[in-house]
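The primary structure of each chain is shown beneath.
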Amino acid sequence: MKSGGDAVSPSRRIGAGGWGSGNSHDREELLVLHDVRLDFESLRGTVYALNGVSFSLRAREVLSLVGESGCGKSVTALTIMGLLQGPQVRIRGGEILFQGEDLLKKTEHEMVQLRGKSLAMVFQDPQSSLNPVFTIEKQMVAVVRAHTSLSKAAARETVEESLSVVGLPASRSIMTAYPHELSGGMRQRVCMGMALACDAPLLIADEPTTALDVTIQAQMLRLLRRLRDEKRVSQLLITHNMGVAAQASDRVAVMYAGDIVEVGAAEDVLVRGRHPYTNALRACLPTGSTAAHLKTIPGGVPDLLAPPTGCRFHPRCHLALDECATSKPPMLRVGNDHSVACHAVAAGGQEMRRV
Amino acid sequence: MSVSTYVARRLLLLFLVLFGIATITFFVARVIPSDPAATYVGGLARKDQIETAREKLGLNEPLPVQFGIYLRDLLTGDWGTSLVSKRPVLEDIAHFLPVSFQLVFLAMAVASVVGFILGALSAAKKGSVIDHGSRLAAVVGVSLPAFVIALLLQVLFCHVVPLFPIAGKIQVAVADQYPIRTITGMDLLDALLTANWSAFASVLYYAVLPVLAVAAYPAGVIQRMTRATLTETLELEYVRMHRAMGLSRSSIVSRFAMKNALGPVITTIGTTFAAALVGAFLVEIVFSYPGIGSYLVSGIMAMDYPVIVGTTLVVSAIYVCVNLLVDLCIAWLDHRVILQ
């Protein structure tokens, strides 16, 4: 469990870790994205960043959003948080239901009250996520007091508690520290502690382990799991690392160029994936044998200023049919908790791949 | 390194800087074509009187000897005698400097507060009417020389709308009736210390226009720096983190980002202090404000080199000290800064 996620294939992960409770799809849905479309207006034209993203996250579940850089994972997360603002951002449609309410219809003022209280987020780089000129205490107490009517002293106690929840036991000395006095792992723990200080039911973690070294990554993944099991925090985990996704999540959604192409139980997607892109991604994982070349998916990530028509993956897909270039494939249910958006799969053209 | 060691080292450095300035000003004063002895005795003097003066001022000695004597005198507190006022330069400086100091301090305080608030408003409400107005004001402040602003203020507020006095530093009647007892030489402070409210009000009233004229440039620079750093700060990752934690934009600006932006702004305050001091020299002339600026300018006009050298030394020392203060402030604000 201590080795890096990259070097280990998902199948071995499953043997080593497992995903905990199975029947998760019976639980209530905490977060539902339905056909979310978002563009950026840039000087070069319109960037079609999210092309109708749909998935759902259930209570006490960890869902990983995996995909290549630039496929829209972070944009999805920031859209849920309502942190994408500015004249260049255009939300063209869809809904984001959180506990039954549409976040896209909320005002900024309402979102301010939800963020940190109900929706929490940690970012990739804990080095730059914390304000360098304020102590941890000052930053965290401000968050607690923004969402509660606690006195300064009571807020301080809450902060101390949440620091010990994320595994920072000598929290007194950490509270009076400035961010630069802590290690990268400690800083990421502080960020998580801050995110969870007000007992938010949903944590969005955008590449939370990417900036950390491998041993700390493993610790952080254990912490995320413990938060799910003990504090019942649902998590949307954004990662480009299939190993991390396998190790940490109950379910996985695969994203390509602003589309969700496959979603389902982690084992179904990562081991018995049906979408050609999912399988191509898995084929690219290093096998661990020495001289083997790293495989790549032919072609490049599409330019979202002029994305391919139909299925956005079709120019790079070896199974592409004629209709792939013309119509966007609908989500097709292929298992108990497993859906794929692919014309080829729908046409039965692809053998189920086994590892 | 502890703060006291650091300050001691910087002060040592200050002496080196002052020695350099003393050397340069001494030789420059000797190279420029003028006859200090003739200045000393006045325009209608006979040849032998000038000769006597030359002997008296030590001008017949070789240059290195003169320089040695000059350095010795500087260290022993004898900064020479003004060729025009015939009084010891150090005494004159002690008399005129506090007046200017008061002016520049008030101006810098006004400029810092106004500049910072306008800059912060601009950054927080980017692209709004407030932003455009504040930027326009800053451009005016930065581009017009202080003495032009001084003249404009005189026209506007002494002539068109006569609200403020056109010249002087206190109303003569008030000064006669409630004389200010000199403690620090800064009238406002002295009046405050002796609870002399009538004089305090009068001095403040007379200082309004000169202070505004001096403050315009630094306020403009500080506004621009605040707006730029705060704008930059608000795009940083940790501000996004503050937002992700549910802090509102206004509380992020007022409770966090402002402190993040303060470092570069304080540096700017330090550097514009020098500009304000030079600006004050000319503003003092315009408002007949009897400070070190008026003293220095009349010294320059009369080729009164002990005055020029002495004033230059004092102003340089102030500048170095302000820079030291700025560095200490920044280290205090940001714990990542290491003094060395």
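About the thresholds
- Residues numbered from 1 in each chain as written.
- Chains lettered and ligands numbered in written order.
- Predicted model: local features only at pLDDT ≥ 70, side-chain atom pairs only at ≥ 80, totals over all residues.
- Heavy atoms only, no water.
- Patch = residues over 30% accessible without salt bridge, like charges linked within 9 Å, V, L, I, M, F, W, Y side chains within 5 Å.
- Areas by Shrake-Rupley, 256 points an atom, 1.4 Å probe, with all protein chains shown as cover.
- Salt bridge = Lys/Arg side-chain N within 4 Å of Asp/Glu carboxyl O.
- Helix = DSSP H or I, 4+ residues; strand = E, 2+ residues; numbered from the N terminus.
- Core = buried A, V, L, I, M, F, W, Y, C linked by side-chain atoms within 4.5 Å.
- Buried < 20%, exposed > 50% of the residue type's maximum accessible area, 1.4 Å probe, protein only.
- Contact = heavy atoms within 4.5 Å.
- Phe/Tyr/Trp six-rings, centres within 6.5 Å; stacked < 30°, edge-to-face > 60°.
- Pairing = 2+ DSSP bridges.
- Buried area = accessible area lost by both parts, 1.4 Å probe.
- Polar contact = N/O pair within 3.5 Å; in protein donor to acceptor, adjacent residues only side chain to side chain.
- Nonpolar A, V, L, I, M, F, W, Y, C, P; charged D, E, K, R; others polar.
- Axes fitted to C-alpha atoms, helices over the stretch in contact; angles between N-to-C directions.

Asks: Please set out a nonpolar patch on the surface residue by residue, giving values where relevant.
Replies: On the surface, V110(B), V113(B), V114(B), I117(B), L121(B), I130(B) and L212(B) cluster together into a nonpolar patch covering about 530 Å² of accessible area. If you trace the backbone, V113(B) turns up in helix α5 (residues 89-124).

Asks: Outline the nonpolar core, supporting the account with residue identities and numerical values.
Replies: One finds I80(A), L119(A), V190(A) and I204(A) to be the most contacted residues of the largest nonpolar core, which totals 80 residues. Ignoring any residue separated from it by four or fewer positions in sequence, one finds L119(A) in contact with I80(A), M81(A), F98(A), L103(A), M111(A), L114(A), A200(A), L202(A) and A244(B). Counting residues in each nonpolar core, the second largest holds 47 residues, with F101(B), I149(B), V214(B) and V307(B) among its members.

Asks: Outline the packing of aromatic side chains, supporting the account with residue identities and numerical values.
Replies: All names here are of chain B. All chains considered together, the criterion is met by 16 aromatic pairs over all chains. Ring centres of F101 and F105 lie 4.9 Å apart, and the angle between their planes is 90 degrees; this geometry places the pair in the edge-to-face category. One end of the pair is F101 and the other is F105, both in helix α5 and four residues apart, which spans about a single turn. A residue is classified by how much of its surface remains accessible, and F105, at 43% relative accessible area, is partly exposed. Aromatic side chains W197 and F200 sit 6.0 Å apart centroid to centroid with 85 degrees between the ring planes, which places their arrangement in the edge-to-face category. Of this pair, W197 and F200 both sit in helix α10 (residues 197-234), three residues apart, which is roughly one turn of that helix. According to the relative accessible area criterion, W197 is exposed, its value standing at 51%. Here a set of aromatic residues connected by ring pairs shows up, and it is made of F26, F27, F67 and Y70.

Asks: Break down the pairing of strand β2 (residues 45-58) of chain A for me, with residues and values.
Replies: All names here are of chain A. Strand direction decides the pairing type here: strand β1 (residues 29-42) and β2, joined by eleven bridges, are antiparallel. Residue pairing for β2: V32 is matched across the bridge by S56. Counting the residues that bridge the hairpin from β1 to β2 gives two residues.

Asks: Pulling in residues and values, what's your account of the interface of chain B and chain A?
Replies: If you look at the interface, chain B gives 19 residues, while chain A gives 29 residues. When the area that chain B buries against chain A is broken down by residue, the three leading residues are M241(B), R243(B) and M245(B), summing to 28%. Scanning the region where chain B abuts chain A turns up zero salt bridges. At the boundary of chain B and chain A, one finds nine residue pairs in polar contact (both at pLDDT 80 or more). Elements with a contribution of two residues or more to the side of chain B that touches chain A: α11 (237-244) and α12 (249-286) of chain B. In terms of residue count, the dominant contributor to the side of chain B that touches chain A is α11(B) (seven residues). Per-class residue counts for the side of chain B that touches chain A are seven nonpolar, five polar and seven charged.

Asks: Let's hear about the sheet that holds β1(A): which residues, and what values?
Replies: Residues and elements named next belong to chain A. Strand order in the open sheet made by the four strands is β2-β1-β4-β5, with antiparallel pairing throughout. Of all strands in the sheet, those with a lone pairing partner are β2 and β5 (101-102), marking the two edges. Taken strand by strand, helix α2 (residues 73-81) contacts β1, β2 and β4 (89-98), and its axis lies near 110 degrees from that of β1.

Asks: Report on the environment of L63(A), specifying residues and quantitative values.
Replies: Residue and element names in this part refer to chain A. By secondary structure assignment, the location of L63 is in strand β3 (residues 62-66). On a C-alpha basis, the gap between L63 and R274 in space is 18 Å, while along the polypeptide they are 211 residues apart. Leave out the neighbours within four places in its chain, and L63 touches F55, S56, L57, Q235, L236, L237, S249, R251, V252 and A253.

Asks: Break down the pattern of salt bridges for me, with residues and values.
Replies: Side chains bearing opposite charge may pair, as long as their charged atoms lie close to each other. Residue and element names in this part refer to chain A. Applying the stated criterion across every chain yields a total of 25 salt bridges over all chains. E41 serves as the salt-bridge partner of R90, at 3.6 Å between the closest nitrogen and oxygen. Here R90, found in strand β4, pairs with E41, found in strand β1; they are 49 residues apart in sequence, far enough to count as distant. Salt-bridge contacts for E230 lead to R226; the nearest nitrogen and oxygen are separated by 3.4 Å. Of this pair, E230 and R226 both sit in helix α9 (residues 214-230), four residues apart, which is roughly one turn of that helix. Linked through salt bridges whose partners overlap, the residues forming this network are R58, E61, R251 and D337.

Asks: Got a sec to walk through the sheet that holds strand β12 (residues 338-341) of chain A? Specific residues and values, please.
Replies: Residue and element names in this part refer to chain A. Spatial strand order, β6-β7-β8-β3-β9-β10-β12-β11: eight strands in an open sheet with mixed pairing. Both edges of this open sheet fall to β6 (119-122) and β11 (331-335), since each of them pairs with a single strand only. Strand-to-strand, the axes of this sheet are offset by a mean angle of 20 degrees, without reference to chain direction. With four bridges connecting them, β11 and β12 associate as antiparallel partners. The residue bridging G335 from the neighbouring strand is H338, located in β12.

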